[in-house]
Amino acid sequence: MSVKKLLCDKWEFSKNPIETEYSDSLDWKSVDIPHDWLIYDTENLYETSTGWYRRFLNADIEDGCRAYLRFEGVYMDCTVFVNGKGQESGSMATPPLRLILRITLTAGIT
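A short tour of the structure in this document, coming up. Residue positions within a chain follow its written sequence, with the count starting from 1. Note on the predicted model: pLDDT of at least 70 is required for a residue's local features to be given, and 80 or more for side-chain atom pairs to be given and counted; whole-chain, interface and lining totals, by contrast, use all residues. Computation of side-chain values: all heavy atoms of the structure, hydrogens and water removed.

Here the focus is the overall build of the protein chain. A run of H or I in DSSP counts as a helix once it spans at least four residues, and a run of E counts as a strand once it spans at least two, with each numbered from the N terminus. The helix and strand tally for the protein chain stands at zero helices and nine strands. Listing the helices and strands of the protein chain from first to last along the sequence gives β-β-β-β-β-β-β-β-β. Buried, partly exposed and exposed residues are distinguished by accessible area as a fraction of the type maximum, computed with a 1.4 Å probe on protein chains only: under 20%, between the cut-offs, and over 50%, respectively. Burial status across the protein chain gives 25% buried among its 110 residues. Every residue pair with non-hydrogen atoms within 4.5 Å of one another is taken to be in contact. Here the contacts in the protein chain between residues at least 6 apart in sequence split such that 55% fall between residues at least 24 apart.

Spelled out as structure tokens, the structure:
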């Protein structure tokens, strides 16, 4: 059985100086996807900074199931983290970005 779930809501975003590491203490703002953080300052469209997006999900899966993430609007470079571990990297050269999760999801909030 295959189940698809659209994950456009309940995202959070934090814009920071270049090379800022992820932290729960960053200034997180609620956003919906698609979201383009560069257009907020039209005087500086190509500024160098680090943007972090995050979304928590309830992993309601059975043992042995495979999970896929598909991103259709990654503009530049990205690395996707699941449960704090980097899974895959992608760039605008490879849309749509489809990532096969290589970890075991646990039931509950992921």
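The next thing to look at is the packing of aromatic side chains. Any two rings among Phe, Tyr and Trp, with Trp reduced to its six-membered ring, count as a pair given centres within 6.5 Å; such a pair is stacked if its planes are under 30 degrees apart, edge-to-face if over 60, and tilted if neither. If you walk through the whole model with that rule in mind, you get three aromatic pairs. Each ring, one from Y22 and one from W28, has its centre 5.6 Å from the other, and the planes form 55°; the classification is tilted. Judged by its relative accessible area of 36%, Y22 is partly exposed. Measuring from centroid to centroid gives 5.4 Å for Y22 and W52, while their planes differ by 70°, and the two rings are edge-to-face. Of this pair, Y22 sits in the loop between β1 (11-17) and β2 (29-31) while W52 is found in strand β3 (residues 49-54), placing the two residues 30 residues apart along the sequence. In this structure W52 comes out as buried when scored by relative accessible area, which is 15%. Among the aromatic residues, those joined into a cluster by ring pairs are Y22, W28 and W52. The ring of W28 is capped by R54, whose NZ or CZ atom sits 4.0 Å from the centre of that ring. Remark: a charge is flagged as sitting over a ring if the NZ atom of Lys or the CZ atom of Arg is within 6 Å of the ring centre and within 35 degrees of the ring normal.

Before going further, it helps to spend a moment on the pattern of salt bridges. By convention in these notes, a salt bridge is any Lys or Arg side-chain nitrogen within 4 Å of a carboxyl oxygen on Asp or Glu. Under the counting rule described, the total for this entry stands at four salt bridges. Across the pair R55 and D9 runs a salt bridge whose closest N-O atoms are separated by 3.2 Å. Separated by 46 residues along the polypeptide, R55 in the loop between β3 and β4 (58-59) and D9 in the segment before β1 bring together distant segments of the chain. For R55, a relative accessible area of 14% corresponds to the buried category. E12 serves as the salt-bridge partner of R54, at 2.6 Å between the closest nitrogen and oxygen. Residue R54 is located in strand β3, and its partner E12 is located in strand β1; the two are separated by 42 residues in the primary sequence. Given a relative accessible area of 14%, R54 falls into the buried group. In this structure E12 comes out as partly exposed when scored by relative accessible area, which is 22%. Where salt bridges share partners, they join E12, D24 and R54 into one cluster.

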